[in-house]
Amino acid sequence: MFMKMPFLNRRKKQGSYKLSNDNLPEHVAIIMDGNGRWAKKRGLPRVAGHREGMMTIKKIVRHAAKFNIKVLTLYAFSTENWKRPKTEVEYLMKLPAEFLDTYLPELMENNIQVRTIGQLSDLPEHTRQAVELAIEKTVQNDGMILNFALNYGGRAEILQAVQKLAADVKNEQMKVEDINEEAFSSYLYTYPLKDPDLLIRTSGEIRISNYLLWQLAYTEFWFTDVLWPDFDEEQFEKALYDFQNRKRRFGGV
Ligand code: FPP
């Protein structure tokens, strides 16, 4: 793990900001959008954007770990992404294995633990195996959690939680009067992680696209026009800086 915390005092074209090591988000969730547009702008096939997007993941994982972010949840494949052309889906399904093959030593070195949220059982065998192997190999690491949302949908997550909860009520493992927010959260894929403090979405789209619907209730949102393959450490720091300068009231005053 990188032990040294970078104190930053940078002067930007738009103004200046000072990023302190206090009040950093513990859990950052990212919607990595704009890979296709990045490729199109360069006359490249869409998959070239996904490949470059994978390189951005490596950069941002390293950087997030430097700031002692506890959990980084990345939206890698949604339940809606199956609608894409077959060749694109096949390519996206190969990326986790490639990423983990080339990056696992660095994840180990930095004490990073890989986890997933989503319906892994519907992924192609080779994708699932690669991910499960990475989870297994990194299970003892207790540094940053790198959480991939794979075949993830917020509504599907809530529905499977309701089904499990209903089954537990039926078999008397749970009482109706004990169902509260905390109990419900324990049926979600994200349990026992705390809810994201900060959500970043790239590429200028201002929506949440079925991502962490329950968990984003009090999350701070941060949007940028930058396409995911162009997103970098400086952008990430800007998001952290803006987060530090927001007042979170959680419904209070
Ligand atoms: C959205 O961009 C991006 C995705 C649906 C896939 C994100 C995947 C990666 C960044 C790589 C995954 C790698 C690993 C290791 C899991 P888009 O294609 O919708 O872009 P567009 O809106 O410009 O078309």
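Above this text is the structure in question.
The paragraphs below set out a description of the structure included in this document. (Residues numbered from 1 in each chain as written. Predicted model: local features only at pLDDT ≥ 70, side-chain atom pairs only at ≥ 80, totals over all residues. Heavy atoms only, no water.)

## Remarks on the sheet that holds strand β8 (residues 220-223)
Taken together, the six strands give an open sheet; going across it, the order is β5-β6-β4-β3-β7-β8, and neighbouring strands pair in parallel fashion. Two strands in the sheet have a free side with no partner beyond their single neighbour: β5 (113-117) and β8. Averaged over all neighbouring strand pairs, the angle between strand axes comes to 20°, with direction disregarded. Strand direction decides the pairing type here: strand β3 (residues 27-31) and strand β4 (residues 71-78), joined by five bridges, are parallel. Within β4, the position partnered with Ala29 by the bridge is Thr73. Here helix α4 (residues 125-138) sits on the sheet in contact with β5 and β6 (145-152), set at roughly 135° to β5. (Pairing = 2+ DSSP bridges. Helix = DSSP H or I, 4+ residues; strand = E, 2+ residues; numbered from the N terminus. Axes fitted to C-alpha atoms, helices over the stretch in contact; angles between N-to-C directions. Contact = heavy atoms within 4.5 Å.)

## Notes on the side chain of Arg201
Along the polypeptide, Arg201 turns up in strand β7 (residues 198-201). The exposure class of Arg201 is buried, given its relative accessible area of 4%. (Buried < 20%, exposed > 50% of the residue type's maximum accessible area, 1.4 Å probe, protein only.)

## Points about the site of the ligand
Lining the immediate environment of the ligand, one finds 18 residues, of which Gly36, Arg37, Arg46, His50 and Arg84 sit closest. One nitrogen or oxygen atom from the side chain of Asp33 is found 3.2 Å from an oxygen atom belonging to the ligand. Between the ligand and the protein, one listed contact pairs an oxygen atom with a backbone N or O atom of Asn35 at 3.1 Å. Surface burial for the ligand is 91%, taken as the share of its 640 Å² of free accessible area covered by protein chains. Of all the elements in the fold, those that place two or more residues in the shell around the ligand are α1 (35-41), α2 (46-66) and α3 (86-109). The class makeup of the residues in the shell around the ligand is eight nonpolar, six polar and four charged. (Near = heavy atom within 4 Å. Polar contact = N/O pair within 3.5 Å; in protein donor to acceptor, adjacent residues only side chain to side chain. Areas by Shrake-Rupley, 256 points an atom, 1.4 Å probe, with all protein chains shown as cover. Nonpolar A, V, L, I, M, F, W, Y, C, P; charged D, E, K, R; others polar.)

## Side note on the pattern of salt bridges
Evaluation of the coordinates by the stated rule reveals 18 salt bridges. The partner of Arg201 in a salt bridge is Asp33, with the nearest N and O atoms 2.9 Å apart. Separated by 168 residues along the polypeptide, Arg201 in strand β7 and Asp33 in the loop between β3 and α1 bring together distant segments of the chain. The same class applies to Arg201 and to Asp33, which are both buried. Residues participating in the shared-partner salt-bridge network are Glu26, Lys194, Asp197, Glu220, Arg246 and Arg248. (Salt bridge = Lys/Arg side-chain N within 4 Å of Asp/Glu carboxyl O.)

## Brief notes about the environment of Glu205
Within the secondary structure, Glu205 is located in the loop between β7 and β8. Note: C-alpha distance between Glu205 and Val139 (66 residues apart in sequence) is 34 Å. There is a polar contact of 3.2 Å between the side chain of Glu205 and the side chain of Arg37. At 3.2 Å, the side chain of Glu205 and the side chain of Arg207 are in polar contact.

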